[in-house]
Amino acid sequence: MIPAILPLLLVAASAAAQQVQVTAPNILVANVDRPFAGGVGRYQQWYAPASLQGAVLSPMRLEQLEFLAGTAPTSQAAQIDCEILIAHGRSFGVTGQFDANYDGPPVLVKPRAFVPLVAGASGQVVMTIPFTTRFHWDRTRPLLLEVRVHGNSLGGQPFPYNFRGTTTATGTTSRVYATGSVGAANGTAQAGVGMSTRFTFRPGAFVDFGEGCQGEGGFVPRGSVQQVPAIAGLWTHLLADAAPQRLAVLVLGDVRTAPFPLDLVALLGLGTSTCMLRTNPVLTFPATTVGGAPGAGSALQSIQFPSNPGLLGASLYTQWVVFDPLGPSAALSTTAGLWSVVAPLGG
């Protein structure tokens, strides 16, 4: 049996648009010609969260990028052989070391393919890149765009093309660029320089918060979901890296602020621990882990989400608690919390 979330007392639903578009940075317009017109190379651009937060009011999924022509019209056109990655960025911007600029694993949102760069008048969209995999932005950390240009329809050579951008937006954007190789380890970093980028976000996302605590064998159980909660959709939760043959409980709540987190072991009167309850247990779903060794335990719980469009954009918080007397706390282990934002019908 797949439980439904009823009687829908968990959430205070909020209205949300189907999509949100925001252009950043959107100040001090200048012309920039990298990375797409620069021939083969590796490029990263950092965007301060404040430049996006005014339009994006909760974690959302980034699903498309667009770039704009510069201050003069251009008649040049080309096909750009590229791939696109997105990650969370460091708070300070970028350094000259590409791989040091990630604050979390990068996601390949657009596999390598030819993308058309068209001619256009000043300020018009000249390149549109829809993603095959959406990126879940937590709305707190900066965004880091990576473009790897493998070549172009002009023999892989640089060519004149101006994009709308900025050269004086220190603290809002920055970039690092290297020519000649998509695998370059180092490049030239420039503060305040970057392309103006039109982001398209879709409501619905999930991001981790807090940390879990160890169970048997020193393994920290890990919680995840197969999809965002969506109107009338199935919402499947997974537990992994847990102790096997244990009672596990999926906790579902609508609050993660004070008094949370709370020490669960202390609440049981068994001492103190780092095993924190990170949301209020409005609903709980028991399960039994399967598997044959410490750290190999797993469980699955599917929840049928209601057909209520008014829940679009609402926040839900989940966490797994595993009753594990053989772990360091001698009582239980926990996963990190998971913050999920409700998506539209269809996900």
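Structure: above.
Residues numbered from 1 in each chain as written. Predicted model: local features only at pLDDT ≥ 70, side-chain atom pairs only at ≥ 80, totals over all residues. Heavy atoms only, no water.

Chemist: Can you help me understand the overall build of the protein in this one?
Modeler: Secondary structure assignment for the protein yields two helices and 24 strands. Taking the principal axes of its C-alpha atoms as reference, the protein extends roughly 70 × 40 × 35 Å. Counting the 347 residues in the protein, one finds 53% classified as buried. Surface summary for the protein: the accessible area is close to 14,000 Å², and the carbon and sulfur share equals 56%. When the 18 positive and 16 negative side-chain charges of the protein are each reduced to one mean point, those points stand 8 Å apart. (Helix = DSSP H or I, 4+ residues; strand = E, 2+ residues; numbered from the N terminus. Buried < 20%, exposed > 50% of the residue type's maximum accessible area, 1.4 Å probe, protein only. Areas by Shrake-Rupley, 256 points an atom, 1.4 Å probe, with all protein chains shown as cover. Lys, Arg positive; Asp, Glu negative; His and termini not counted. Charge placed at Lys NZ, Arg CZ, Asp CG, Glu CD.)

Chemist: I would appreciate a short explanation of the pairing of strand β22 (residues 315-323) in the present structure.
Modeler: When you tally the buried positions in β22, you get seven out of nine residues, the bulk of the element. In the sheet, strand β17 (residues 247-253) pairs with β22 via six bridges, with the strands oriented antiparallel. Bridging from a neighbouring strand, V249 pairs with V321 of β22. (Pairing = 2+ DSSP bridges.)

Chemist: Would you explain the nonpolar core in this entry?
Modeler: In globular proteins that are soluble, nonpolar side chains generally tend to be buried together. Formed by 41 residues in total, the largest nonpolar core has its most connected members in F36, L143, F199 and F201. Where this core is concerned, the elements lending two or more residues are β1 (20-24), β3 (41-47), β4 (60-68), β5 (78-88), β6 (107-117), β7 (125-137), β8 (143-152) and β13 (197-203). Beyond its immediate stretch of four places on either side in the chain, F199 contacts V20, Q21, V22, A24, Y47, L52, L62, Q64, L65 and L143. Counting 20 residues, the second-largest nonpolar core is a separate cluster that includes I231, W235, A299 and V342. (Core = buried A, V, L, I, M, F, W, Y, C linked by side-chain atoms within 4.5 Å. Contact = heavy atoms within 4.5 Å.)

Chemist: Please explain the sheet that holds β3 as it appears in this structure.
Modeler: Two pairing modes exist for strands in a sheet, parallel and antiparallel, and in both the strands are linked by backbone hydrogen bonds. Strand order in the open sheet formed by six strands is β6-β5-β8-β3-β10-β11, and the pairing between neighbours is antiparallel. The open sheet has two edge strands with one neighbour each: β6 and β11 (188-191). Recorded for the sheet is a direction-independent mean angle of 20° between the axes of neighbouring strands. (Axes fitted to C-alpha atoms, helices over the stretch in contact; angles between N-to-C directions.)

Chemist: Help me out: how do you make sense of the pairing of β1 in this one?
Modeler: It is a general feature of regular strands that their side chains alternate between the two faces of the sheet. Within β1, four of the five residues are buried, which leaves it mostly tucked inside the rest of the structure. In the sheet, β1 pairs with β13 via five bridges, with the strands oriented antiparallel. Note that in β13 the partner of A24 across the bridge is T197.

Chemist: Would you take a moment to explain the sheet that holds strand β2 (residues 30-32) for this structure?
Modeler: Pairing is antiparallel across the open sheet formed by three strands, whose spatial order is β2-β9-β12. Edge positions in the open sheet fall to β2 and β12 (194-195), since each of these has one partner strand only. Across two bridges, strand β9 (residues 163-166) lies against β12 in antiparallel orientation. Bridge pairing links T166 to G194 in β12.

Chemist: So what exactly am I meant to see when it comes to the side chain of Q44 here?
Modeler: Positionally, Q44 belongs in strand β3. A polar atom in the side chain of Q44 sits 3.2 Å from the backbone oxygen of F98. The contact partners of Q44, leaving out residues within four places of it in the chain, are F98, N101, Y102, L144, L145, E146, S174, R175 and V176. (Polar contact = N/O pair within 3.5 Å; in protein donor to acceptor, adjacent residues only side chain to side chain.)

Chemist: Would you explain the pattern of salt bridges in this entry?
Modeler: Pairing between side chains becomes possible if they bear opposite charge and their charged atoms approach one another. Under the criterion given, the structure shown has 13 salt bridges. Note that R112 and D81 form a salt bridge whose closest N and O atoms lie 2.8 Å from each other. Taken together, the positions of R112 in strand β6 and D81 in strand β5 put the pair 31 residues apart, joining distant regions of the chain. Relative accessible area serves as the criterion here: at 48%, R112 is assigned to the partly exposed category. A salt bridge links E146 to R148; its shortest N-O distance comes to 2.6 Å. If you follow the salt bridges from partner to partner, you end up with R42, D99, E146 and R148 in one network. (Salt bridge = Lys/Arg side-chain N within 4 Å of Asp/Glu carboxyl O.)

Chemist: Help me out: how do you make sense of the packing of aromatic side chains in this one?
Modeler: The geometry of two aromatic rings is summed up by the distance between their centres and the angle between their planes. A complete count under the given rule lists eleven aromatic pairs for this structure. Look at Y47 and F199: their rings are 4.9 Å apart centre to centre, the planes differ by 85°, and that puts the pair in the edge-to-face class. Residue Y47 is found in strand β3, and its partner F199 is found in strand β13; the two are separated by 152 residues along the sequence. Accessibility assignment for this pair places Y47 and F199 in one class, buried. Pairing Y161 with F163 gives two aromatic rings, centres 4.9 Å apart and planes at 35°, and the pair type is tilted. Per residue, the accessibility class of Y161 equals that of F163, and both read buried. An aromatic cluster is present here, built from F36, F67, F159, Y161 and F163 joined pairwise through their rings. Above the face of the F209 ring, R256 is positioned so that its terminal group lies 4.8 Å from the ring centre. (Phe/Tyr/Trp six-rings, centres within 6.5 Å; stacked < 30°, edge-to-face > 60°. Lys NZ or Arg CZ within 6 Å of the ring centre and 35° of its normal.)

What is shown is where atoms sit, not what they do.
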